[in-house]
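Notes for the structure review
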Amino acid sequence: MPYLLRDLKAFLKTLIKEHIVIAPVKEKNHYDYKVLESEDEFHLDYVNTLYPPKKFLLPYEENLLLFSKRDGEFSAKPLLNKTKRVLFGVRPCDVHGIAVMDRVFLSGNYVDSFYESRRKNTIIIAIECEKAGENCYCESFGTYKVESGYDLLLTPVDDGFIVRVGSDEGKKLINELFEETDRDEHKYPKSKTFKKEKLAKMEKYFHDELWKTEAEKCLSCAACTIACPTCTCFTIEDEVQDPETGYRKRRWASCQLKDFTEVAGGMTFRKETYKKLRHFAYHKLYWSIKQYGLRMCIGCGRCIDTCPVNINIFDIVNRLGEE
Amino acid sequence: MNPYVPKAVEIIERHRETDDTVSYKIKWNPKHKPGQILEASYPLIGEAPFGFASFSEDYVELLIRSVGNVTNTLASLKKGDKIWVRGPYGNGFPMKEMEGNDVCLIAGGTGIVPVKAALEYIIKNRNRYGNVKVFFGFRSPKQLIFKRYFKNWEKDVELYVSVDRGDKTWKGHVGVVTTMLDNISFEPKSFAIICGPPVMIKFAAEKMLNKGLNESRIFVSLERLMHCGIGKCGHCMVRNVFICKDGPVFPYSIAKDLED
Ligand SMILES: Cc1cc2nc3c(=O)[nH]c(=O)nc-3n(C[C@H](O)[C@H](O)[C@H](O)COP(=O)(O)OP(=O)(O)OC[C@H]3O[C@@H](n4cnc5c(N)ncnc54)[C@H](O)[C@@H]3O)c2cc1C
Ligand code: SF4
Ligand code: SF4
Ligand code: FES
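Quick notes on the rules
Residues numbered from 1 in each chain as written. Chains lettered and ligands numbered in written order. Predicted model: local features only at pLDDT ≥ 70, side-chain atom pairs only at ≥ 80, totals over all residues. Heavy atoms only, no water. Helix = DSSP H or I, 4+ residues; strand = E, 2+ residues; numbered from the N terminus. Rg over C-alpha atoms; globule rule 2.2 N^0.38 Å. Buried < 20%, exposed > 50% of the residue type's maximum accessible area, 1.4 Å probe, protein only. Contact = heavy atoms within 4.5 Å. Areas by Shrake-Rupley, 256 points an atom, 1.4 Å probe, with all protein chains shown as cover. Lys, Arg positive; Asp, Glu negative; His and termini not counted. Charge placed at Lys NZ, Arg CZ, Asp CG, Glu CD. Pairing = 2+ DSSP bridges. Axes fitted to C-alpha atoms, helices over the stretch in contact; angles between N-to-C directions. Domains from an automatic or database assignment. Buried area = accessible area lost by both parts, 1.4 Å probe. Salt bridge = Lys/Arg side-chain N within 4 Å of Asp/Glu carboxyl O. Polar contact = N/O pair within 3.5 Å; in protein donor to acceptor, adjacent residues only side chain to side chain. Phe/Tyr/Trp six-rings, centres within 6.5 Å; stacked < 30°, edge-to-face > 60°. Lys NZ or Arg CZ within 6 Å of the ring centre and 35° of its normal. Near = heavy atom within 4 Å. Nonpolar A, V, L, I, M, F, W, Y, C, P; charged D, E, K, R; others polar. Arc of directions from axis to C-beta.

1. What about the overall build of chain A?
Broken down by element type, chain A carries ten helices and twelve strands. At 21 Å, chain A has a C-alpha radius of gyration in line with the 20 Å of a compact globule built from 323 residues. The dimensions of chain A, computed from C-alpha atoms along their principal axes, are 70 × 65 × 40 Å. Within chain A, the proportion of its 323 residues that are buried is 54%. Of the contacts made within chain A by residues no fewer than 6 positions apart, 72% connect residues no fewer than 24 positions apart. When the accessible surface of chain A is totalled, it reaches about 14,700 Å², and 48% of it is carbon and sulfur. Separation of charge centres in chain A, based on 51 positive and 51 negative side chains, amounts to 4 Å.

2. Things to note about the sheet that holds strand β7 (residues 103-108) of chain B
Residues and elements named next belong to chain B. Taken together, seven strands build an open sheet; the order of strands is β10-β9-β8-β7-β11-β12-β15 and the sheet is mixed. With partners counted over all chains shown, the strands left at the sheet margins are β10 (173-174) and β15 (249-251), one partner each. In this sheet, strand β8 (residues 132-138) lies alongside β7 in parallel orientation, the contact comprising six bridges. Among the inter-strand pairings, L105 is bridged to a residue of β8, identified as V134. Where helix α2 (residues 112-124) meets the sheet, it contacts β7, β8 and β11 (191-195), and its direction lies at approximately 155° from that of β7.

3. Concerning the domain arrangement of chain B
Residue and element names in this part refer to chain B. What the domain assignment reports for chain B is domain 1 (7-89) and domain 2 (95-255). On a C-alpha basis, the centroid separation for the pair domain 1 and domain 2 is 20 Å. Buried surface at the junction of domain 1 and domain 2, summed over both partners, amounts to about 2,100 Å²; 58% is from carbon and sulfur atoms. The interface formed by domain 1 and domain 2 holds two salt bridges in total. Where E17 meets R148, a salt bridge forms, and the shortest distance between an N and an O atom there is 2.7 Å. The interface formed by domain 1 and domain 2 holds nine residue pairs in polar contact (both at pLDDT 80 or more) in total. Put simply, the parts of the chain that give the side of domain 1 that touches domain 2 at least two residues each are β1 (7-18), β2 (21-26), β3 (37-42), β4 (46-51), β5 (60-65) and β6 (82-89).

4. Things to note about the interface of chain A and chain B
Contacts between the two partners involve 51 residues from chain A and, on the opposite side, 39 residues from chain B. The contact between chain A and chain B buries some 3,500 Å² in all, and 61% of this surface belongs to carbon and sulfur atoms. There are four salt bridges connecting chain A and chain B. With its nearest N and O atoms 2.3 Å apart, the salt bridge here joins E203 of chain A to R239 of chain B.

5. Focus on the pattern of salt bridges
Going through the model one piece at a time under the given rule, you end up with 47 salt bridges over all chains. A salt bridge links R119 of chain A to D102 of chain A; the shortest N-O distance between them is 2.8 Å. One end of the pair, R119 of chain A, is in helix α3 (residues 113-120); the other, D102 of chain A, is in helix α2 (residues 92-106), with 17 residues separating them in the sequence. In this structure, R119 of chain A and D102 of chain A share a single accessibility class: buried. The residue D260 of chain B makes a salt bridge to R270 of chain A at a minimum N-O spacing of 2.9 Å.

6. Let's talk about the packing of aromatic side chains
According to the stated counting rule, one finds 35 aromatic pairs over all chains in the structure shown. In this structure an aromatic cluster arises from ring pairing among F136, F138, F146, Y149, F150 and W153 of chain B. Positioned above the aromatic ring of W252 of chain A is the side chain of K54 of chain A, whose terminal nitrogen or guanidinium carbon lies 4.6 Å from the ring centre.

7. Description of the environment of K25 of chain B
All names here are of chain B. Relative to the helices and strands, K25 is located in strand β2. With a relative accessible area of 15%, K25 lands in the buried category. The spatial distance from the C-alpha of K25 to the C-alpha of A53 is 9.4 Å, given a sequence separation of 28 residues. Not counting residues up to four positions away in its chain, the partners in contact with K25 are E10, I11, I12, E13, Y59, V60 and E61.

8. Some remarks on the site of ligand 1
Not every one of the 22 residues close to ligand 1 is listed here, only the nearest: A264 of chain A together with P49, L63, R65 and T71 of chain B. In this structure ligand 1 sits where residues from chains A and B come together. Measuring from an oxygen atom of ligand 1, one finds a backbone N or O atom of P49 of chain B at 2.6 Å. One nitrogen or oxygen atom from the main chain of G68 of chain B is found 3.4 Å from an oxygen atom belonging to ligand 1. Protein coverage of the free-state accessible area of ligand 1, which is 840 Å², stands at 81%. Elements supplying a minimum of two residues to the shell around ligand 1: β4, β5 and α1 (69-75) of chain B. Take the shell around ligand 1: its biggest share by element is four residues, from β4 of chain B. Taken together, the residues that form the shell around ligand 1 break down as 13 nonpolar, five polar and four charged. No fewer than three residues from each of domain 1 (7-89) and domain 2 (95-255) of chain B sit in the shell around ligand 1.

9. Quick word on the site of ligand 3
Residue and element names in this part refer to chain A. Neighbouring ligand 3 are 13 residues; C228, C297, C300, G301 and C303 lie closest to it. Elements with a minimum of two residues in the shell around ligand 3: α8 (273-292), α9 (302-306) and α10 (313-319). Each residue belonging to the shell around ligand 3 can be placed in one class, and the counts come to nine nonpolar, two polar and two charged.

10. Focus: helix α1 (residues 8-18) of chain A
Within an α-helix, residues lying three or four positions from one another point in the same direction, as the helix has 3.6 residues per turn. Residue and element names in this part refer to chain A. Of the residues making up α1, those classed as buried are L8, F11, L12, L15 and I16. Looking straight down α1, one finds that the buried residues subtend no more than 135° of arc, so they occupy a single side. Those residues of α1 that are exposed and aimed more than 90 degrees away from the buried face are K17 and E18. Capping the start of α1 is the job of one residue whose side-chain oxygen sits 3.3 Å from the backbone nitrogen of K9: D7.

Here it is as C-alpha cells:
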C-alpha cells in the first residue's frame, strides 16, 4: 500500500537527525550531490545533477588495503566503508544507473567487497521527475520509470508525495508523517528520443565513417566518462605513507585517456580518438547487453551536458548508416 | 572472500634468466590450469599481472621481466622473501579438448611463460597427447629463458629453438621463430598454442592456418593492460570481451576479430 507524505521538509528533518543524508544541492550553475546540513538546503527545483551519485559508491579515490609492517613482515588489511548513508532525491534514471553499477561490481564470479560494503549501507530515496532536462533521453530507454532498486520512491503530487516502499530498510523509514493511501499516481515526463531501433544493428555500423568524422572534434578529455553514472573503470596503485605503511588504492580511470591501455614499449591499444569514442559509445549502448544482459546507458544525457565540444552519442546513432 | 586481498607466499628458489628477467619458484599451490593468470605484488610498490610459468601441485613458477616500477621491485626479491599473490584468474588452455591430438606450441620471448605451463602439463600426461612440437624464439642467445629445462623437455617432445640474431657460440637456427615452421608439416587436426608479441601471434597463426590447421584449434594468449584481473576495472576490455576474465586464451577464430 502506498503512502501520502504531505510534509517533505519534516521528513527530511527526521532523516538528517539520524542519518548522513546526501542530496542534490544548488551550486553556481548546476546541482550536485552534497551531504545535507539542514533540510532547508534541499529544493525540488532541480531536473538532475550535473554529476551522478556514483562517487558515493565508487569514490574518485578509495583506499582498498592498508599495508603495515610489524616484526619485519607486512600485513594487508582491507578497508571496508560501513558508514550508513541516505541518497535522497535520486532520479529514476540514476536508480537504473546504480543497478548497472550493482551488476558490474556484484555479479559474476567475484563480488567487489569494497563496493558491496558501501552499497549495502546506502539507502536510496528516489523522486520521480516532473519534467525532463534538455538532454534527457530516458523515454528511449524506459528509465523514467523504476520498479525496484530504491528503498522509497516518491512521486510529486499536488498535496505532497505518493510514497512507495521498495525494501525493508525503506519500510523502517515510514513514520507518523506518512498516511496510507490507495492513490496510484506516477510522474512520467516526456523526454527527447532517438532512433533506438538502430541499437540492434550496432555491429553493422562499427566501421561507419561517422565515428571518424564525429571524433575529429573530440578532445579525448574524459569529461563524458567522469560524468557518466555507469562509467566505473578504475586503476589500482600503491601509495606510500612511510617505509612501514601505505595503501593499495583505486582511482577512476577513463577509456578516453591514453594511459588506459598503454603497455611496455609505449604500445597503446585503441590509440586513435575515434576508436576511443567508439569504444565508449559501444560499451554504453551495445556491448554491455552481451556482458551484463542490460544496456549500461540510462539516457541521462550527462555526457552531452559535460562535453566541451557538444558531442551527442544519440545524435551520432541517429545518423549511423546514412549517406 | 575479498578478491583484492593478496596472500604473502615465500620465494623458495630464484634464478636469473637473462639481463632483464628472473624466475622464482614460490610456495603456493592453488588449483590452476596452464594459461591462467595471477596478480603478483609487493606492499607499497604495486601489483601486476603474470602468467603461471609452471604446472605443478607443489609450487608455482613465475617469470618476471623488469620493465617498470612494479616489475623492478618484484624482480629484486631474494630467496626467502615474501611475494604477494592472488588468483588464479582467466580461462587457461583447453588441455582436455586437445587430448588425443598432435600439439604444436609456439612462443616468442616472455610468451614462453604460459607455453611452459602447457608443456609441463602435457609431459605429466604424455600418453594423452600425440606428437608434440615446441618452437621457441628469442632475440639472441643471451635472451634464452628457462634454458636449464630444455634438455629434459627434449626427452618427451620435439624442441626447436631459434634466435633472431646469433653469435659465435650459437649453433642453432637463426631467424624469427616462425621461420622454423617453414619446412615442417602438421596433421590438419593438430592443435596449436601461440604466445608472444601481437605481431608474432598474427604471423604464427596465419602460418598454421596455411598449414591446414583449423582456426578454432589454434589458441592464442592475449595481453592487455590489466589492473583488477577479475572483470571489474575495465582496462583489459576489447569490444565486449574482458581479456582477464573471458581470456586470456582465445581460439584464433575469435581472437582475429577482436578489433578495437
Ligand atoms: C595476461 C598477462 C600476462 C603477463 N605475464 C607476464 C609474465 O609472466 N611475466 C612478465 O614479466 N610479464 C608479464 N606480463 C606483463 C607485466 O604484467 C607487465 O610488464 C607489468 O604490468 C608492468 O608493470 P610495471 O609496474 O613494472 O611497469 P610500469 O612502471 O607500470 O610500466 C612500465 C612499462 O610497462 C608497461 N606495462 C604496464 N602494464 C603492462 C602489461 N600488462 N603488459 C605489458 N606492458 C605493460 C607500461 O605501459 C610501461 O611501458 C603479463 C601481462 C599480462 C596482461
Ligand atoms: S566526447 Fe566530449 S567529453 Fe567525451 S572525451 Fe570527447 S570531447 Fe571529451
Ligand atoms: S552514456 Fe551518456 S547518456 Fe548514457 S548513461 Fe552515460 S552519461 Fe548518461
Ligand atoms: S583487468 Fe580489470 S577488467 Fe580485466
